Each structure stands twice: as C-alpha cells, then as structure tokens.
Amino acid sequence: EILSVSPIIAGQRQVPLSNLKRLFRTRFGVDLNESALGYTKLLSVFEDVRLADVCGLSHSKDNTPCLTQAPGDSAQSETTSELLESLLLEAIESLYRDELRPYARIIRKRLGEFRDLALEEGNQVRVGALSSVVGFDLTHLRALCE
C-alpha cells in the first residue's frame, strides 16, 4: 500500500528504507519494529525470502537501500492475496466445523497446520502464502481478517 503511492524512480516505485518507519507509522498508526519481528536491522526484514513475492530491495543512485515492488506484475500479487484470503476463510470455516471460536491465536495455529500439510503435499504456492501469515503477530492477523 505504501509502495502504491510512492514515486516512480528508474521505472519502478521505490521507498527509501530510511523513510519507511515514518511512512508506516503515518499510514497505519503502528510502529514498524524489526526487533519484534525477530530481526536486528530493518534491511534484514526485507531480505527475508518470505517477502520475495510481496516486495523487493534495490539501491538508489546514491546507494540508499529502497523498498520496491516485487518482481513480476501486479496480477501475481493479487493472486497471492486472493489465495491468502481463501486460505484464511478456509481456516476459519474449519474452526467453526470443529466447534472452536476463531480467535487470532487459534487461526494462526490452524494456518500453521495447513502449511505443514502443504509441505507434505509439496504445494509450494500454498506453503509460501501460508508461511507469510503464520509468522504474523496477532494484531496484523486481526487486521487481515477485518
């Protein structure tokens, strides 16, 4: 979302990492904290392979690290988000079938079970989508559900 309103530089939308925390706080009202995500540097967060289909990294002319759109077209990211939405609904429906209330921590656990099953089946597309959600904090998962 932040990238969609960022300026186009060298043919792609870019946001310098030095501005990202401020933009994130302004846009979402939440601090982007790399330590809470298990990283020591913000750059390391975006170097994680689990974000490869969401965003990428590049360097500006002055060698400043910048967040960029993921390689590929926007249709691919729409497909990933559609898959993620359908997996989330599938998890919630399965919890109701099991007569469990879909609290965020239980949804996250069920999504982890789905990921493990997809790993056994060798379905890398589902594994990628599910891996991105299983690591979410509960606040982010709730926002995704809303």
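Residues numbered from 1 in each chain as written. Predicted model: local features only at pLDDT ≥ 70, side-chain atom pairs only at ≥ 80, totals over all residues. Heavy atoms only, no water.

## A few points about the pairing of strand β4 (residues 65-69)
Stage number 1. Taken together, the five bridges between strand β3 (residues 55-59) and β4 define a ladder with antiparallel strand orientation. Along β4, the bridge assignment pairs His59 with Pro65.
Stage number 2. Hairpin connection between β3 and β4: a loop of five residues separates the two successive antiparallel strands, and Asn63 in this loop has a positive phi of roughly 70°. (Pairing = 2+ DSSP bridges. Helix = DSSP H or I, 4+ residues; strand = E, 2+ residues; numbered from the N terminus.)

## Re unusual backbone geometry
Stage number 1. Phi is positive for Asn63, close to 70°, though the residue is something other than glycine.
Stage number 2. Within the fold, Asn63 resides in the loop between β3 and β4.
Stage number 3. Among the residues examined, Asn63 registers a relative accessible area of 56% and is labelled exposed.
Stage number 4. The backbone phi angle of Glu99 is positive, close to 60°, even though this residue is not glycine. (Buried < 20%, exposed > 50% of the residue type's maximum accessible area, 1.4 Å probe, protein only.)

## Details of the nonpolar core
Stage number 1. Judged by nonpolar contacts, Leu84, Leu87, Leu88, Ala91, Ile92, Leu95, Ile107, Leu111, Phe114, Ala129 and Leu130 together constitute the single largest core of 11 residues.
Stage number 2. Elements with a minimum of two residues in this core: α3 (74-97), α4 (104-121) and α5 (124-134).
Stage number 3. Broken down by element, this core gets its largest block of residues, six residues, from α3.
Stage number 4. Contacts of Leu87, omitting those with residues within four sequence positions, involve Leu111, Phe114, Arg126, Ala129 and Leu130. (Core = buried A, V, L, I, M, F, W, Y, C linked by side-chain atoms within 4.5 Å. Contact = heavy atoms within 4.5 Å.)

## Description of the confidence of the model for the chain
Stage number 1. Taken as a whole, the chain shows an average pLDDT of 77; of its residues, 73% reach a score of 70 or greater.
Stage number 2. The least confident element of the chain is strand β1 (residues 8-9), whose mean pLDDT is 59; the most confident is α4, at 85.
Stage number 3. Confidence drops under a pLDDT of 50 for residues 73-78, and excluding neighbours within four residues, the segment shows one contact in the predicted structure. (pLDDT = per-residue confidence, 0-100.)

## Describing α4
Stage number 1. Spanning 18 residues, α4 covers 25 Å between terminal C-alpha atoms, matching the ideal 26 Å at 1.5 Å per step.
Stage number 2. When α4 is considered as a whole, its buried residues turn out to be Ile107, Arg110, Leu111, Gly112, Phe114 and Ala118.
Stage number 3. Once α4 ends, the next one or two residues include Gly122, with phi positive near 80°. (Expected span 1.5 Å × (residues − 1).)

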